[in-house]
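Spelled out, the chains give:
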Amino acid sequence: MATHDTAAPPAKEGGAAPGRPPAGPTGAERRRARLSRRWQRDMRWSPYAFVSPFFLLFLAFGLFPLIYTGWASLHQVEMTAPTDMHWVGLRNYTRIFDDDFFWNAAKNTLTIGIISTVPQLLMAMGLAHILNYKLRASTFYRVAMLAPYATSIAAASLVFVLLFGRDYGMINWALDFVGIGPIDWQSDKWPSQIAVSTIVIWRWTGYNALIYLAAMQAIPQDLYESAALDGASRWKQFLHVTLPSLRPTILFTVVVSTIGATQVFGEPLLFDANKGASGGSEHQFQTLGLYLYEQGWVNQHLGRASAIAWTMFLILIVVGIVNYVISRRLRASS
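Throughout what follows, the structure given in this document is the object of discussion. (Residues numbered from 1 in each chain as written. Predicted model: local features only at pLDDT ≥ 70, side-chain atom pairs only at ≥ 80, totals over all residues. Heavy atoms only, no water.)

## What about the overall build of the chain?
Next, step 1: A count of helices and strands for the chain gives 13 helices and two strands.
Next, step 2: On C-alpha atoms alone, the chain measures out to a radius of gyration of 35 Å, which is more than a quarter above the 20 Å that the 2.2 N^0.38 rule sets for 334 residues.
Next, step 3: For the chain, the spread of C-alpha atoms along the principal axes amounts to about 155 × 75 × 40 Å.
Next, step 4: Scored against the burial criterion, the 334 residues of the chain give a buried share of 33%.
Next, step 5: Put simply, 66% of the contacts in the chain that link residues at least 6 apart link residues at least 24 apart.
Next, step 6: Total accessible area computed for the chain in this model is approximately 21900 Å², and 66% of it derives from carbon and sulfur atoms. (Helix = DSSP H or I, 4+ residues; strand = E, 2+ residues; numbered from the N terminus. Rg over C-alpha atoms; globule rule 2.2 N^0.38 Å. Buried < 20%, exposed > 50% of the residue type's maximum accessible area, 1.4 Å probe, protein only. Contact = heavy atoms within 4.5 Å. Areas by Shrake-Rupley, 256 points an atom, 1.4 Å probe, with all protein chains shown as cover.)

Quick look at the structure:
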């Protein structure tokens, strides 16, 4: 009998053996991929979410009022009808520059700023230099330095009003012992400005002293040891080691104090016997802040008050530019 071989049919050329289809990602892998994408989005956007409350508050209570005040300064606006705005261009600015009361307030602001800033920073530097040494109960003294800063402006001003009283004030009582007659601290120009500056000095000296103290403690001790080996006394160490190292900090406190002096408001307002915004019967200690308040909320000229506010803002910008130029030169020289 003839036999027949039964062989499998040949595979097609170029073909492949049939197999299982490739398996897709499992459920666990898909969850890990989603978590990875979520983690990447969180790392990218969460910092912006954390800082967004500040920017939202700044837009609502900082940038928008600033822009709206600038727009109102170009209009005639009265407090009795704040939505009734009439375009006047730069007339509010030209009016305040032609106003003698504005220049009087500007001069008073300058003099009060100088009288309060210079002694304040000098005293703060001296106190910080003393506290920089090892003292017993140094923490108590540092906390006591901040007590005036934490005190309410109203409370401090009312106390100083009693101290500078003409008839029963303690200052005149002390001056009487050295043969100086009573001084009318509220009616005379220079005594009133000195009295207002004294309140500012009392409130801010401790604050600046702690800033100087922090900067002094950051100075390397090797510099003082090298100066001592060269025979330098403590006074020479202060002049040639401490002060040069504190130049950026001194510049910072000068700028901040200048800004604060430009905006001084509560002290002269509460020091006035009539508790008005005129800064005394003859405007002898009226500052730019009081002048702005008088125009806006007493005379109800919101347009002119807005122009004054923007003028003060431009002054502060000039102060900032001067600070930037000086700080760059200090860094270049060092």
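## A short note on the pairing of strand β1 (residues 75-78)
Next, step 1: The alternating pattern of β1 places H75 and V77 on a buried face and Q76 and E78 on a face that is not buried.
Next, step 2: Pairing between β1 and strand β2 (residues 81-87): three bridges, direction antiparallel. In the sheet register, Q76 faces β2, and the bridge partner there is H86.
Next, step 3: Linking two consecutive strands that pair antiparallel, namely β1 and β2, is a turn of two residues. (Pairing = 2+ DSSP bridges.)

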